[in-house]
Amino acid sequence: MASSPKYKLTVLLPSAIIFLLLIVMIHVAVNSERQSIRERVYADISQTAVARLARLEVELYANAYVSTGLVALINASGEVVAEDLQSALKSIYERGLHIRNIGLAPNNRITYVYPKQGNEAAIGLYYPDHPMQWPAVKKAIDSRSAVLAGPVTLRQGGLGVINRTPVFLDSGDYWGLMSIVLDLDELLQAAGLMENDGNIRLALRGTDGKGVEGSVFFGDPGLFEMESTRLDLEIPGGSWQLAAYPVSGWERGQSYLDMIEVGAIMLCFLMMLAQLRYQAGMAKLAENEHKLRFFLDTSRDGVIVIDRNGKVVEFNPAAEQLFGYSAEDMKGASVNHLMPEDVAQEHNKFVKYSRANQPRNMAPGRQVMGRRKDGSEFPVEITVGQAASAQGRMYVGVVRDISERKAYEDQLIELASTDSLTGAFNRRAFLAAAEDSFRRARRYGTPLSLLNIDVDYFKRINDNYGHAAGDQVLVNLVDLFRRSFRETDKIGRFGGEEFLVLLPETDLGKAAEAAERLLETVRNNTEQLDDGRCFTYTISIGIAAVQPDSDDFETIINTSDEALYQAKQTGRNRYCVAEQESPLQASS
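Just so it is clear, the structure is predicted and the values come from calculations on it, not from any experiment. (Residues numbered from 1 in each chain as written. Predicted model: local features only at pLDDT ≥ 70, side-chain atom pairs only at ≥ 80, totals over all residues. Heavy atoms only, no water.)

A. Region of interest: the sheet that holds strand β4 (residues 159-168). In spatial order, the strands read β2-β1-β5-β4-β3; together these five strands make up an open sheet with antiparallel pairing. The open sheet has two free edges, formed respectively by β2 (112-114) and β3 (147-153), since each of these has just one partner strand. On average, each strand axis in the sheet is inclined to that of its neighbour by 15°, with strand direction left out of account. Of the pairings in the sheet, the one linking β4 to strand β5 (residues 174-183) comprises nine bridges and is antiparallel in character. Directly across from V161, in β5, lies its bridge partner L182. Along the sheet, helix α4 (residues 134-143) makes contact with β3, β4 and β5, crossing β4 at roughly 35°. Against the sheet, helix α5 (residues 184-191) touches β3, β4 and β5, its axis set at about 65° to β5. (Pairing = 2+ DSSP bridges. Helix = DSSP H or I, 4+ residues; strand = E, 2+ residues; numbered from the N terminus. Axes fitted to C-alpha atoms, helices over the stretch in contact; angles between N-to-C directions. Contact = heavy atoms within 4.5 Å.)

Quick look at the structure:
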């Protein structure tokens, strides 16, 4: 009787079921931990890369407003005398960031350069006669927009990028070209790309704005051959691409998991071999059951075993902590108690399908909402495996609370859309939100106004009190914005000390009133530094609104920029309104 096949089957079947369950649970748990580690590494690298790219974008566009001001000067003055242009170039050079030199080429011939020393050879250069430079210049003229070329090797040493902006008069006639040469090394240093924290490797490609087709000009080209994180940065006339990769690779810190998984599988295999010994059959079975219980009790993740009817068979201590139910409460109860109503309905469909058809595995690492005993809901990641037993098919679910990870992902999204210094929208996020508001305003015919705000003599604040004081001004100024405007108004940092505030459902008159209130608030505000020094500052504001003939939001930005330039030219500490009928109205 003891050696009959029926008896052997009765003895070996429980051991085989336990072995299969252990293998499934170990594999699922190890893979879940491996994926979690990889996601944490990816999140860290992505957060660092997003922050560096945002800083690079701010530094790259920091000179945009001064360029626009010069274009407005040329348009406003018609025939500008050489002394005025040379003075304007000097002003842009002194106020801009990372500028090596700046030049003007009326009718495509370089006539004015600042600083002149060391750049005399460029004066008189006629772009159409230079095949190396003419294509980029022609691209800027044809597109009627700025084009960023380079990096190129500069005669004075180092690498630089050239921002070429075509100048068109209000009549539509082409006036000439403005070019600004930026020091690439200084630009990348200011953006933090040359910082080496020992955890991340970075590279940039996209020479001449060709994006993924352009050559690598910073970092290790091999990063683009790896499974690196890629982020695109739009630049004038094209794009750059940033590659980020962890120094130790994505799989860092996971070697111990392989050892655990191999060791656990080997242990299970040895246990199974031991169970083949007839004399120790029942004792080994009890031992395996004890080890299974130990695994369930010590697992950091919730482990839930259910039958094909959705009834709970096993509910480990980690699951008790996750959901607030005891194992006694859940054993024999429906697993639907652990799910919100909508998730439970989907699960019922799955159970019904599994009864009538070949069972299907749930996709690994699926994210759903769980429900605790007190009714509160929380995000979980669940991986389910299946195995056959004497009692029928069993489903083993490994459940992990991912509330902290979801909060971290939300933080990454916030980092990607906000300015790291002030907390306002960054340039990209503000433009996306503004385009939506612009389309709604055009569709429903509602008013929409834009304030273009710039801190007066901001460079003096940095020079006299230090860059930390300048940062304090920008942070506190955004706080003043939040207290002065409505929650529906959108605040964005556009570059350097320039901010844009979008006012939905607001016409020019109401926008002017809001601007006057803000001017008064800033005038009455006093900045106090940690060392006890105090100072005040003022702002200038350009105001524009959506007009019936406004084709796109970029037009509104340009109009507000012209109004801001007019406010600067008429004394600062005031606002100027761009009207459809009369171009500009100023108020101090």
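B. Representation of the confidence of the model for the chain. Per-residue pLDDT for the chain averages 83, and the proportion of residues at 70 or more is 85%. In the predicted structure, residues 581-585 sits below a pLDDT of 50 and forms 10 contacts with residues beyond four places in sequence or in another chain. (pLDDT = per-residue confidence, 0-100.)

C. Representation of the side chain of E57. Positionally, E57 belongs in helix α1 (residues 5-60). Buried within the structure, E57 lacks any salt-bridge partner; R428 is the closest side chain of opposite charge, at an N-O distance of 4.3 Å. If we skip the residues at most four places from it in the chain, E57 touches L233, R427 and R428. (Buried < 20%, exposed > 50% of the residue type's maximum accessible area, 1.4 Å probe, protein only. Lys, Arg positive; Asp, Glu negative; His and termini not counted. Salt bridge = Lys/Arg side-chain N within 4 Å of Asp/Glu carboxyl O.)

D. Representation of α4 within the structure. Taken residue by residue, α4 has A136, V137, A140 and I141 as its buried positions. One face of α4 carries all of its buried residues, which in axial projection span an arc of 135°. In α4, those exposed residues whose orientation departs by more than 90 degrees from the buried face are P135 and D142. Against the buried residues of α4 lie β3, β4 and β5. Trailing α4 by a residue or two, R144 shows a phi angle of about 55°, which is positive. (Arc of directions from axis to C-beta.)

E. Molecular detail of the nonpolar core. If you look at the biggest cluster of nonpolar residues, it comprises 47 residues, and the most contacted ones within it are L56, L60, L70, L104, L193, L204 and W240. At six residues, α1 tops the list of elements feeding residues into this core. Setting aside chain neighbours within four positions, we find L70 in contact with L85, A88, L89, I92, L104 and M178. Among the nonpolar cores identified, the runner-up in size contains 35 residues, and A424, L451, L503 and V522 belong to it. (Core = buried A, V, L, I, M, F, W, Y, C linked by side-chain atoms within 4.5 Å.)

F. Region of the structure containing the packing of helix α14 (residues 467-484) against helix α15 (residues 508-523). For the pair α14 and α15, interaxial distance at closest approach is 11 Å and the crossing angle is 135°. Our classification of the angle between α14 and α15 gives oblique. Handedness of the α14/α15 crossing: right-handed. Listed contacts from α15 to L477, L480, F481 and S484 of α14 are L518, T521 and V522. Grouping the constituent residues of the contact of α14 with α15 by class yields five nonpolar, two polar and no charged. (Parallel < 35°, antiparallel > 145°, perpendicular 65-115°, else oblique. Left-handed = near helix turned anticlockwise from the far one by under 90°. Nonpolar A, V, L, I, M, F, W, Y, C, P; charged D, E, K, R; others polar.)

G. Representation of the environment of S560. Within the secondary structure, S560 sits in helix α16 (residues 553-569). Distance in space between the C-alpha atoms of S560 and A544 is 4.8 Å, their sequence separation being 16 residues. Of the polar contacts made by the side chain of S560, one reaches the side chain of N452; its length is 3.3 Å. (Polar contact = N/O pair within 3.5 Å; in protein donor to acceptor, adjacent residues only side chain to side chain.)

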